[in-house]
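Breakdown of the fold
Single-letter residue listing:
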Amino acid sequence: MVRRRTILAAAAACLPLLLQGCGRTADTPVEPAARHAGWIDADRLDAIDSEPGAWLTGGRDQQQSYYSPLDQINRENVARLGFAWQYEIGSEHGFEATPIVVDGVMYTSGAGGAVYAVDAATGAERWKFEPQLDPGFMRKACCGIVNRGVAVWRGRVYVGTLDGYLYALNATDGTVAWKVDTFTDRERGYTITSAPQIAKDVVVIGNAGAEFDARGYVTAYDLETGEQRWRFFTVPGDPKLGFEHRELKKAAATWDPQSLWQVGLGGTVWDAMAYDPELDLLYLGTGNAAPYPRKLRSPAGGDNLYLASIIALKPKNGRMVWYYQTTPAENWDYTATQKMILADLEIDGKQRKVIMQAPKNGFFYVLDRRDGKLISAEPYVPVNWASHVDRRTGRPVETGQGEYFDSPKLVFPSPAGGHNWQPMAFNPRTGLVYIPVIEAGSFWLMPDEPFQYQKGALNSTGIYIFPMRGEWGLDGAAARKLPPIDELTRGQPDTTLRGFVRAWNPVTQKVAWEVDVSGQWAGELFATWNGGGLMTTAGGLVFQGRGTGEFVALDADTGRQLHSVDVGTSMMAAPMTYTVNGVQYVAIMAGLGGAAGQEHVPGTAAYRYGNMGRIVALRLDGGPVPHPPELQHAAIAFPQPPVARRGTPAELDRGAELYVRHCTQCHSNMDGRSSGIPDLRRMTAETHAAFADVVLGGARAARGMGSFSGVLSAVEAEAVHSYLIELAWKTFEAGAASGQFHQPAADGTPAGLPPP
Ligand code: CA
């Protein structure tokens, strides 16, 4: 069986090469090295069923199913799954990509758009590509300097970098074939964290930045030359300036003519795309609005197209064929950028070509992918902003509970979404979609100060607060403006923050089974991030990497945990599986960071071992996974700040406000936990002296701290500095002790990490 598969795989791989002298017959096993590296094309993708051992796109196939037909590893033997190899990247940043494996070579991406090509049987490096990033873009990464994968096509590896470049690399050696700047305005808050999508003759890339001042768009480039073919904006610009394409005229009618055009308005395509060759349609998921509150953004109302929508385009010219807006007048960071899966389902006795998505807004959508018509939409998590989605109109029916413009409200789901970027998976054998689910609500309110647009800075404006203790929750400064919590929560869903793996039947729109993955963090933000992306197989399995460092295999029919491998590194990416020489491997990019995942919370592998970024591959009978050296933790008293207090009360208030707006997305300064990002209450005398150089001059850009010149004035930077000094003294006076991790020194004595 295995041998037959190998031959079929070879035959499929050879087809496109016949004209170029592939020269082997289908019954001769072909050594991977004999083929052109990274050779994936339309014929090969169409014939993917004939090579079950391949994983050719982010989600393995054109349907983006995250399903593999391999069954060598199955329910009966998965308990024998253990270590095969690892490839150490060593990055402190998070990993969110799922690798591609073609002809025995694995291609994947890491921090900022670095690319790694390794032997898929051994982990031996073939080549790596680690571009120098423009440091000015680091502070614009809302949720970590991450990248969600590469596209491999006809001997090239395509990747987008944080600073906006799309690269075509030669799959043989990683050399640059071409590079283009994909940004329309490098002063705005654009970044790229998503994978490129191949659609017929073009490679398409989107971007992120809707919390800043991005105006969403995707651009298509010629695969061979990098020449721009078309660009599709997802939201209009100021109508007074005219429209780049006709779809925007239609969209502009759904915006107040007095909308905050200068802010960009969001709608960024920061994650999912898919291409359907049968219908020749490219699907995009668009993001949230900038700024969040609709009454501020478009005071006269309107649906604000094409925010939070799924859009189908013709890849030839970028013309829109249909759109479906999941959240009209988006108001809560409810992106529809989540992964989309294409499938053929029997619904009410009819075969339907569907596209499925579980966007942040809490409803699971099944649409007809030929025309975008709604088939069904049901809540897969607690939802209170809308009562339901009307099947006739295709629109959600709002309850009013989501309107926080005039008074604070508790809204479900939270801005983290019922489901975020972590891939869901569809198993055609069980008929179930497995979703890494977040159950959370959050309190929303408006800030006191009037909105003031700042180019290239955070402009999201609406404030959200999680129902938990700590800086992001009820102990933060903003929470003091909330009415009594029991008033806000009365009659609303349970506010305990939790994470689940939920098996969802897309035909009946009901839960088949669920597993609570909250663990010890139930009620804390980390509970919602413990469960990473999912992958499922014909072996009857669902695989998931977790923040705890456990890599688990669940029974796809029941959710029962069949096996757990202690990886020793926190994980959030989706795993994948493939064969080389007849051996099935399961691989995952292990590494935490990004969004709330950057916190090294007690109980995570990141807390115990640090964030040792690597690719880990498993196989049957492999034995234990090697762990990084364990870190030593000690509760240490907060040191006396090395500089005296300063600043007037007004300056300190201003500093606090600026700090929350511009700094806390990275520097959360939490007690009792550590992260790779410095706690600024612990600045040394040296750092205090260099504060302006670091914040405005970019002196530590190489460490990921980009310059804020143009965002903060010298006076404002000084206000932030004064506020941090005040915070340090207050913490010191409270006698706080906080857990810091210590790398054991060579002589065995614990030594602290270098202070900020
Ligand atoms: Ca967002």
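Counting starts from 1 at the beginning of each chain's written sequence and moves along it residue by residue. With pLDDT at 70 or above as the cut-off, local features in this predicted model cover only qualifying residues; side-chain atom pairs require 80 or more to be listed or tallied, and sums for whole chains, interfaces and linings still use all residues. To get the side-chain values, all heavy atoms of the structure are used, and hydrogens and water are removed first.

1. Digging into the coordination of the calcium ion
Worth spelling out the cut-off: Coordinating donors are taken as N, O and S atoms within 2.8 Å of the metal, stretched to 3.2 Å for Na, K and Ca; because water is absent from the atoms, sites can appear incomplete. Helix and strand labels come from DSSP, where a helix needs a run of H or I of at least four residues and a strand needs a run of E of at least two; each type is numbered from the N terminus. Burial classes follow relative accessibility: with a 1.4 Å probe on protein chains only, a residue under 20% of its type's maximum area counts as buried, one over 50% as exposed, and anything between as partly exposed.
Surrounding the calcium ion are the protein donor atoms Glu211 (OE), Glu211 (OE), Asn288 (OD1), Asp333 (OD) and Asp333 (OD), which sit 2.3 to 3.1 Å from the metal. Within one chain, the residues donating to the calcium ion are spaced in sequence as E-x76-N-x44-D. Of this pair, glutamate 211 sits in the loop between β12 (202-205) and β13 (217-222) while aspartate 333 sits in the loop between β18 (320-325) and β19 (340-347); the two residues are 122 residues apart in sequence, bridging distant segments of the chain. The pair formed by glutamate 211 and aspartate 333 is uniform in burial state, with each residue classed as buried.

2. As for the sheet that holds strand β21 (residues 363-368)
Inclusion rule: DSSP-based pairing: two strands are paired if at least 2 bridges between them are found. Structural elements are reduced to axes, namely lines fitted to C-alpha atoms, with helices fitted over the stretch in contact, and the angle between N-to-C directions of any two is expressed from 0 to 180 degrees.
Strand order in the open sheet formed by four strands is β19-β20-β21-β22, with antiparallel pairing between adjacent strands. A single partner strand is all that each edge strand has here, and the edge strands are β19 and β22 (374-379). Neighbour-to-neighbour, the strand axes of this sheet turn through a mean angle of 25 degrees, independent of strand direction. Where β19 meets strand β20 (residues 350-357), eight bridges bridge the pair, whose relative direction is antiparallel. Bridge pairing in β20 places aspartate 344 opposite lysine 353.

3. Things to note about the packing of aromatic side chains
What counts here: A pair of Phe, Tyr and Trp rings is counted when the ring centres sit within 6.5 Å of each other, with Trp represented by its six-membered ring. The angle between the planes then sorts it: under 30 degrees is stacked, over 60 is edge-to-face, the rest tilted.
Under the criterion given, the structure shown has 31 aromatic pairs. With 5.9 Å between their ring centres and 45 degrees between their planes, tyrosine 283 and tryptophan 322 make a pair best called tilted. Placement of the pair is tyrosine 283 in strand β16 (residues 281-285) and tryptophan 322 in strand β18, with a sequence separation of 39 residues. By relative accessible area, which is 0% here, tyrosine 283 ends up buried.

4. Quick notes on the confidence of the model for the protein
Note the cut-off: You can read pLDDT as the predictor saying how much it trusts each residue, on a scale of 0 to 100. Pairs of residues are marked as contacts when any of their non-hydrogen atoms sit within 4.5 Å.
On average, residues of the protein score 89 in pLDDT, and 90% of them are at 70 or above. Between residues 739-756, whose pLDDT stays under 50, and residues either more than four places distant or in other chains, the model counts 46 contacts.

5. Structural notes on the environment of threonine 558
Its place among the elements puts threonine 558 in the loop between β34 (550-555) and β35 (561-566). The exposure class of threonine 558 is partly exposed, given its relative accessible area of 45%. When the C-alpha positions of threonine 558 and leucine 541 are compared, they lie 9.8 Å apart, and in sequence the two are 17 residues distant.

6. A word on the packing of helix α8 (residues 649-662) against helix α11 (residues 714-733)
Basically, it comes down to this: Any angle that falls under 35 degrees is termed roughly parallel, while one over 145 is termed roughly antiparallel, one within 65 to 115 roughly perpendicular, and all others oblique. In this classification, Asp, Glu, Lys and Arg are treated as charged, Ala, Val, Leu, Ile, Met, Phe, Trp, Tyr, Cys and Pro as nonpolar, and every other residue, Gly included, as polar.
Direction vectors running N to C along α8 and α11 enclose 95 degrees, while the axes themselves pass 7 Å from each other. One element, α8, and the other, α11, form an angle in the roughly perpendicular class. Taken together, the residues of α11 that come into contact with α8 (itself represented by Glu651, Leu652, Arg654, Gly655, Ala656, Leu658 and Tyr659) are Glu716, Ala719, Val720, Ser722, Tyr723, Leu724 and Glu726. When its residues are assigned to classes, the contact of α8 with α11 shows eight nonpolar, two polar and four charged.

7. Looking at the sheet that holds β12
Pairing within the open sheet is antiparallel, and its four strands lie in the order β11-β12-β13-β14. Two strands close off the open sheet at either side, each with one partner strand: β11 (197-199) and β14 (228-233). In this sheet, neighbouring strand axes are inclined to one another by 25 degrees on average, regardless of whether the strands run parallel or antiparallel. By the bridge criterion, four bridges tie β12 to β13 in an arrangement that is antiparallel.

8. Thoughts on the nonpolar core
What tends to happen in soluble globular proteins is that the nonpolar side chains get buried as a cluster. The line we're drawing: Within this scheme, the nonpolar core is defined by two criteria: the residues are buried Ala, Val, Leu, Ile, Met, Phe, Trp, Tyr or Cys, and they are joined through side-chain atoms within 4.5 Å.
Of all hydrophobic cores here, the largest spans 56 residues; its most connected members are Trp85, Met106, Phe543, Phe551 and Tyr578. Ranked by residue count, the leading element in this core is strand β37 (residues 583-590), at six residues.

9. Observations concerning the pattern of salt bridges
Worth spelling out the cut-off: The rule for a salt bridge is simple: a side-chain nitrogen of Lys or Arg has to be within 4 Å of a carboxyl oxygen of Asp or Glu.
Under the criterion given, the structure shown has 41 salt bridges. The shortest N-O distance in the salt bridge between arginine 391 and glutamate 378 comes to 3.1 Å. Of this pair, arginine 391 sits in the loop between β23 (386-389) and β24 (396-398) while glutamate 378 sits in strand β22, placing them 13 residues apart in sequence. Judged by relative accessible area, which is 47%, arginine 391 ranks as partly exposed. Given a relative accessible area of 29%, glutamate 378 falls into the partly exposed group. A salt bridge links arginine 654 to glutamate 716, with the nearest nitrogen and oxygen atoms 3.1 Å apart. Of this pair, arginine 654 sits in helix α8 while glutamate 716 sits in helix α11, and the two are 62 residues apart along the sequence. For glutamate 716, a relative accessible area of 18% puts it in the buried group.

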